[in-house]
Amino acid sequence: MSIEILPDLLGVFFFAVSGSLLAGRKGFDLIGSLLLGSLVGLGGGVVRDLVLGQSPAAFSTPVYLVAPVLAALLVYFLYSSVERIGRLLTVFDAAGLALFCITGTAKALDSGMNPVASVLLGVTTAVGGGLLRDVVANEVPRLFSSHDIYAIPAFLGAALTVLCSLNGVLNLGTGIVIAVLVFSFRLLAWHFRWHAPLAVWRRSPEAGAWTGQSSV
Amino acid sequence: MSIEILPDLLGVFFFAVSGSLLAGRKGFDLIGSLLLGSLVGLGGGVVRDLVLGQSPAAFSTPVYLVAPVLAALLVYFLYSSVERIGRLLTVFDAAGLALFCITGTAKALDSGMNPVASVLLGVTTAVGGGLLRDVVANEVPRLFSSHDIYAIPAFLGAALTVLCSLNGVLNLGTGIVIAVLVFSFRLLAWHFRWHAPLAVWRRSPEAGAWTGQSSV
Amino acid sequence: MSIEILPDLLGVFFFAVSGSLLAGRKGFDLIGSLLLGSLVGLGGGVVRDLVLGQSPAAFSTPVYLVAPVLAALLVYFLYSSVERIGRLLTVFDAAGLALFCITGTAKALDSGMNPVASVLLGVTTAVGGGLLRDVVANEVPRLFSSHDIYAIPAFLGAALTVLCSLNGVLNLGTGIVIAVLVFSFRLLAWHFRWHAPLAVWRRSPEAGAWTGQSSV
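Everything numeric here is computed off the predicted structure, so don't read it as measured data. (Residues numbered from 1 in each chain as written. Chains lettered and ligands numbered in written order. Predicted model: local features only at pLDDT ≥ 70, side-chain atom pairs only at ≥ 80, totals over all residues. Heavy atoms only, no water.)

Caption draft 1: Broad picture of the UniProt feature "transmembrane region" (unreviewed entry) in chain A. Residue and element names in this part refer to chain A. Under the present numbering, the feature "transmembrane region" (unreviewed entry) in UniProt falls on residues 6-23, 30-47, 59-79, 91-109, 149-170 and 176-194. The span residues 149-170 carries 73% helix and 0% strand; its end-to-end C-alpha distance comes to 26 Å. Taken end to end, residues 176-194 has its terminal C-alpha atoms 24 Å apart, with 84% of it in helix and 0% in strand. (UniProt positions renumbered as here; feature names shortened; annotations may be inferred. Helix = DSSP H or I, 4+ residues; strand = E, 2+ residues; numbered from the N terminus.)

Rendered as structure tokens:
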């Protein structure tokens, strides 16, 4: 699979929806919703293209701007139940993550990067937009929080993409399989609150008492 | 009008003043004031130049550094009434916005970008510095807040710049007219609290009761 | 001294430790610790390389990724006393600052930048990672806070690096001297709370009463 524009556009759309949903919850206006959606949807890809030394696709290919507009309108008309916002946001965020870790990695490989750097850039692309979203909206980024695993699914997807590409079997079929895997992994991790060990290993039992250091 | 350096420098100065004013309000020291002013004044242009694949003017043209120094000194000596800080900050921010949406768009056109991408990059240049300022100072970015219209004036200015350029009438005179238009639009929107509809369209009357969904 | 990779790698490691320490204090998990460490350690250098128009070393040279992994593991196993975290973080941050202001400046000079821009880019490299760390973790960046001097030591180190380079005496020995100077200056400033004047010069005695405007 070379870089088809469609999965990348879909990823932009999913992330843009997550941005517009957060804008809705924060009480931003419609323009703020469009801008936050654009930042989330296009931010990761712009960083990816700058690292690759290419003109960012978001600027050179105007069709990319359609996705955030659709996302902002969709959220404007369909956002009705405040209760489900967190859940919806997580689902759309996971969908964007699943697509971007593949397209980001594939674009890096296409540009001649070595496999290790391609995995790293794929993960950066996938988590970058969401990181910008949370930072700009003054929330602790879910990328870093210890509630559930976020970066590991993206890393897995990027690694599988490199493996498929090196073996010449990266095509629409395997791409869909990888995306479904990453999407399911991320949602299962969120639902069952799978999480990694804390950043610190507390030895003293008292310390362990007030902050349960548990693992998957 | 090709890219003259003067309006760009003026825009850097205006944004740098807004950054130094915020530094004063936050209780930062003189160096923090200089650094925050530099980030606000130069940040949008650095992103613009990176997207254009050029060496950022802020680094290659040392005269750009004079503007944040002047801004920090000006704020140091003239900042006296805490009450008017919010107003002053908004005025200088609007002046920077008015200049950057023109210079950013003109530079993108000069670099061979298509008109749609040039408008987008002009708006990004204009709103980028202020976004960095608010994020770094831990405030909800005024770009997204629903109190008054912020991005629309910049968008209008960028679109007018493209129109003038396509018709070969982008010169000092039309540039000043556009800048005055954008500046006035932004300040009127701020003064009269013009704002866009909220990001969500609430159907239920109860929901509408606690969060008035009003429009311009 | 041309750009040796070792001091740059050491700087990445020190900054990554500061990121992982903050992750530990914030209750992030081990993956969040690795990611925040990577962002802090590699972020400043990526910005530097993008400004220089080069492929970021963090992506093209996979050995850079070893430093954040080591840092996250070190913090995981050795973090035990919460009381000393702030102090440790400051020390590792100062060590990263001391190395990056030299390597960033030297790389800019090697790339043909003029001396003034090289100093500016060296300071940007040195303070960039820490700024990202504090912004992402939702803290007021220590770069801007008025508690103690942060950017001046980096500026001094960058200026000395340019001076040594222009006189052809930038080698391992002078590099170590500059690094020790910057490191000591920063830690002394922190310990004795040396700070610059506030961003504003208050004339009225009442205003000065509630916010003591003191200088070094």
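Caption draft 2: Seen up close, the relation of the copies chain B and chain A. You can overlay chain B on chain A at an RMSD of 0.0 Å; the transform is a turn of 120° with a shift of 0.0 Å along its axis. The relationship between the two copies is best expressed as a three-fold rotation axis. Take the interface residues of chain B: only 10% of them recur as interface residues in chain A, which is what a contact between different surfaces looks like. (Least-squares fit on C-alpha atoms with pLDDT ≥ 70 in both. Contact = heavy atoms within 4.5 Å.)

Caption draft 3: Local environment of the confidence of the model for chain A. Residue and element names in this part refer to chain A. Put simply, chain A has an average pLDDT of 86, and 89% of its residues get 70 or more. Predicted confidence in chain A is weakest over helix 9 (residues 205-210), with a mean pLDDT of 39, and strongest over helix 7 (residues 151-166), with 95. Across residues 203-216 the pLDDT falls below 50, and counting only partners more than four positions away or on other chains, this stretch makes 20 contacts in the model. (pLDDT = per-residue confidence, 0-100.)

Caption draft 4: Spatial organisation of the pattern of salt bridges. For the structure shown, the criterion picks out 21 salt bridges over all chains. Among the ionic pairs, Asp49 of chain B bridges to Arg48 of chain B, the shortest N-O distance being 3.0 Å. In this structure, Asp49 of chain B and Arg48 of chain B share a single accessibility class: buried. Bridged by salt links that share partners, the residues Asp8, Arg48, Asp49 and Lys107 of chain A form one connected network. (Salt bridge = Lys/Arg side-chain N within 4 Å of Asp/Glu carboxyl O. Buried < 20%, exposed > 50% of the residue type's maximum accessible area, 1.4 Å probe, protein only.)

Caption draft 5: Representation of the interface of chain A and chain C within the structure. Opposite the 30 residues of chain A that make contact, chain C presents 28 residues. Carbon and sulfur atoms supply 69% of the area that chain A and chain C bury against each other, a total of about 2600 Å² over both sides. Counting the surface chain A buries against chain C, the share from its top three residues, Phe144, Ala199 and Trp201 of chain A, is 26%. In this structure, the connection of chain A to chain C is made through 0 residue pairs in polar contact (both at pLDDT 80 or more). The biggest single contributor to the side of chain A that touches chain C is helix 6 (residues 115-136) of chain A, with 7 residues. Partitioned by chemical class, the residues of the side of chain A that touches chain C number 21 nonpolar, 6 polar and 3 charged. (Buried area = accessible area lost by both parts, 1.4 Å probe. Polar contact = N/O pair within 3.5 Å; in protein donor to acceptor, adjacent residues only side chain to side chain. Nonpolar A, V, L, I, M, F, W, Y, C, P; charged D, E, K, R; others polar.)

Caption draft 6: Region of interest: the interface of chain B and chain A. Contacts between chain B and chain A engage 30 residues on the former and 29 residues on the latter. On the chain B side of the contact with chain A, Phe144, Ala199 and Trp201 of chain B bury the most area, a combined 26% of that side's loss. In this structure, the connection of chain B to chain A is made through 0 salt bridges. For the pair chain B and chain A, the interface holds 1 residue pair in polar contact (both at pLDDT 80 or more). For the side of chain B that touches chain A, the elements supplying multiple residues, two or more each, are helix 2 (30-51), helix 6 (115-136) and helix 7 (151-166) of chain B. No other element matches helix 6 of chain B, which puts 7 residues into the side of chain B that touches chain A. Partitioned by chemical class, the residues of the side of chain B that touches chain A number 21 nonpolar, 6 polar and 3 charged.

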